[in-house]
Amino acid sequence: MSAPDTLTITRPDDWHLHLRDADALAAVLPDTARQFARAIVMPNLRPPVTTTAQALAYRERILAARPRDGAGSDFEPLMTLYLTDNTPPDEIRRAREAGIVALKLYPAGATTNSDAGVTDLRQCAKTLEAMQREGILLLAHGEVTDGDIDIFDREAVFIDRVLTPLQRDFPALKVVLEHITTKEAAQYVAGASAQTAATITAHHLLYNRNAIFTGGLRPHFYCLPVLKREQHRIALVEAATSGSHKFFLGTDSAPHATNMKEQSVCAAGCYTALSALELYAEAFEAAGALDKFEAFASFNGADFYGLPRNSGTVTLKRESWALPEVLPFGATGLKPLRGGQELGWKLAA
Ligand SMILES: NC(=O)N[C@@H](CC(=O)O)C(=O)O
Ligand SMILES: [Zn+2]
Ligand SMILES: [Zn+2]
């Protein structure tokens, strides 16, 4: 069979996204709004979005940053709250009534803007109970933070120490293990209850940890959880293309200004929103699984969250184009992953 020249799928959603705030929000939102109908917006602002009132105010700022008309003007942000040791159980009902869909678990110190995160999930039992009751999802940055655990093992150890007991104690709580990076995570999710799912980024499908070290240290490939060995990348591709409904698209597009990335201490995060669908299509095509792409990008996430699937379609065309090296973003710009290089698919306007 010859390779197709176009790929038309139901409008997709991004189930894990960082939009930031203020000028940064205005700079990046149009990229996502062009590609996706909806996105789960991460709450790791400074200060973090911990209350329903803050999330609703943030939602208004996002709506105000949408393109006025044409593509992206109907983009819908799906809001989340940042779980802390002290999130009151009462907040959960307020959140549900306000249309907030999930709380985000950041183990304290695990990633960008996670200082206010949870130090011990056992302290959150009452709140988790309320989430289970109200049908609010828990989204996990699944890494332990102990200094004695090797950084490449932190996801697997999180599954054993945190996720397995959590799902035993709250079996009806829907949990998304975000941005999975290992075969342990793919296997765990595939074998876990129907209340369990995972997002997978384009960069973890396309790259292994060699990308960070090719010819020198490459900060634009540094994100958390960090890229892993090739055997893990292969396991993620297998999970994404397996046809399992438990795996879906979440870019984890995480903008950091160039001066924050090209630094003695480089911020964690890759910017992929500008060309997310193109990057995913490349990964699915390399696996000979373009026929599995639509469910991964457009159906599985909505079904798991209990939200309607989108109507309408988007079309990707086989066309070679060079991704810009730097995008406008503050004084130093924003370098997208793969910037300056060719992509083989292009989202039709
Ligand atoms: N993925 C990252 O490396 N960074 C994210 C935070 C996160 O999702 O862990 C960010 O906010 O920059
Ligand atoms: Zn994370
Ligand atoms: Zn993230």
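What comes next concerns the included structure. (Residues numbered from 1 in each chain as written. Chains lettered and ligands numbered in written order. Predicted model: local features only at pLDDT ≥ 70, side-chain atom pairs only at ≥ 80, totals over all residues. Heavy atoms only, no water.)

1. Thoughts on the side chain of Asp85
Then step 1. Along the chain, the position of Asp85 falls in the loop between β4 (76-82) and α3 (90-97).
Then step 2. It is Arg122 that comes nearest to the buried, bridge-free Asp85 among opposite-charge side chains, at 10 Å.
Then step 3. Here Thr119 takes part through its side chain, which lies 2.6 Å from a polar atom of the side chain of Asp85. (Helix = DSSP H or I, 4+ residues; strand = E, 2+ residues; numbered from the N terminus. Buried < 20%, exposed > 50% of the residue type's maximum accessible area, 1.4 Å probe, protein only. Lys, Arg positive; Asp, Glu negative; His and termini not counted. Salt bridge = Lys/Arg side-chain N within 4 Å of Asp/Glu carboxyl O. Polar contact = N/O pair within 3.5 Å; in protein donor to acceptor, adjacent residues only side chain to side chain.)

2. Regarding the packing of helix α6 (residues 183-191) against helix α8 (residues 230-240)
Then step 1. At their nearest, the axes of α6 and α8 sit 8 Å apart, and the two run at 30° to each other. Of the possible angle classes, the one that applies to α6 and α8 is roughly parallel. Residues Lys183, Glu184 and Ala186 of α6 pack against Gln231, His232, Ala235 and Ala239 of α8.
Then step 2. Partitioning the contact of α6 with α8 into residue classes produces three nonpolar, two polar and two charged. (Axes fitted to C-alpha atoms, helices over the stretch in contact; angles between N-to-C directions. Parallel < 35°, antiparallel > 145°, perpendicular 65-115°, else oblique. Contact = heavy atoms within 4.5 Å. Nonpolar A, V, L, I, M, F, W, Y, C, P; charged D, E, K, R; others polar.)

3. Focus on the coordination of the zinc ion (ligand 3)
Then step 1. Bound to the zinc ion (ligand 3) are the protein donor atoms His16 (NE2), His18 (NE2) and Asp252 (OD), situated 2.0 Å from the metal.
Then step 2. Sequence spacing of the donors to the zinc ion (ligand 3): H-x1-H-x233-D.
Then step 3. Here the zinc ion (ligand 3) and the zinc ion (ligand 2) are spaced 3.8 Å apart. Within this pair, whereas His16 is found in strand β2 (residues 13-17), its partner Asp252 is found in the loop between β9 (247-249) and α9 (258-261), the two being separated by 236 residues in sequence. Here His16 and Asp252 have matching classes, each one buried. (Donors = N, O, S within 2.8 Å, 3.2 Å for Na, K, Ca; no water.)

4. Looking at α6
Then step 1. What α6 keeps buried is the set Ala185, Ala186, Tyr188 and Val189. All buried residues of α6 project into a common sector of 165° when viewed along the axis, lining one side. Across α6 from its buried face, at more than 90 degrees, point the exposed residues Gln187 and Gly191.
Then step 2. Where the residues of α6 are buried, they touch α5 (154-169), β7 (175-177), β8 (196-200), α8 and β9. (Arc of directions from axis to C-beta.)

5. So, the site of ligand 1
Then step 1. Near ligand 1, the surroundings consist of 15 residues, among which Arg20, Thr111, Leu224, Asp252 and His256 are the closest.
Then step 2. One of the side-chain N or O atoms of Arg20 is found 2.8 Å from an oxygen atom in ligand 1.
Then step 3. One nitrogen or oxygen atom from the main chain of Ala268 is found 3.1 Å from a nitrogen atom belonging to ligand 1.
Then step 4. Isolated, ligand 1 exposes 320 Å² of accessible area, and the fraction of that covered by the protein chains is 100%.
Then step 5. Looking at the shell around ligand 1 residue by residue, the class counts come to four nonpolar, nine polar and two charged. (Near = heavy atom within 4 Å. Areas by Shrake-Rupley, 256 points an atom, 1.4 Å probe, with all protein chains shown as cover.)

6. A short note on the pattern of salt bridges
Then step 1. Within the structure shown, the criterion is met by 17 salt bridges.
Then step 2. Arg38 is paired through a salt bridge with Asp13; the nearest N and O atoms lie 2.8 Å apart. One end of the pair, Arg38, is in strand β3 (residues 38-41); the other, Asp13, is in strand β2, and 25 residues separate them in sequence.
Then step 3. Notably, a salt bridge pairs Glu262 with Lys335, separated by 2.8 Å at the nearest N-O pair.

7. Some points on the side chain of Thr251
Then step 1. Counting through the fold element by element, Thr251 comes out in the loop between β9 and α9.
Then step 2. Looking at Thr251, its side chain comes within polar contact range of the side chain of Asp14, at 2.5 Å.
Then step 3. Of the polar contacts made by the side chain of Thr251, one reaches the backbone oxygen of His16; its length is 3.4 Å.
Then step 4. Not counting residues within four places of it along the chain, the set of residues in contact with Thr251 comprises Asp14, His16, Leu17, Phe36, Thr201, His203, Thr272, Ala276 and Tyr280.

8. Regarding α3
Then step 1. Of all the positions in α3, only Glu91, Ile92 and Ala95 are classed as buried. Down the axis of α3, the smallest arc covering the buried residues is 100°, so these residues share one side. Residues of α3 that are exposed and angled more than 90 degrees away from the buried face: Asp90 and Glu97.
Then step 2. In this fold, the buried residues of α3 make contact with α2 (52-64), β4, β5 (102-105) and α4 (125-134).
Then step 3. Where α3 ends, the next residue or the one after it, Gly99, has phi of about 85°, a positive value.

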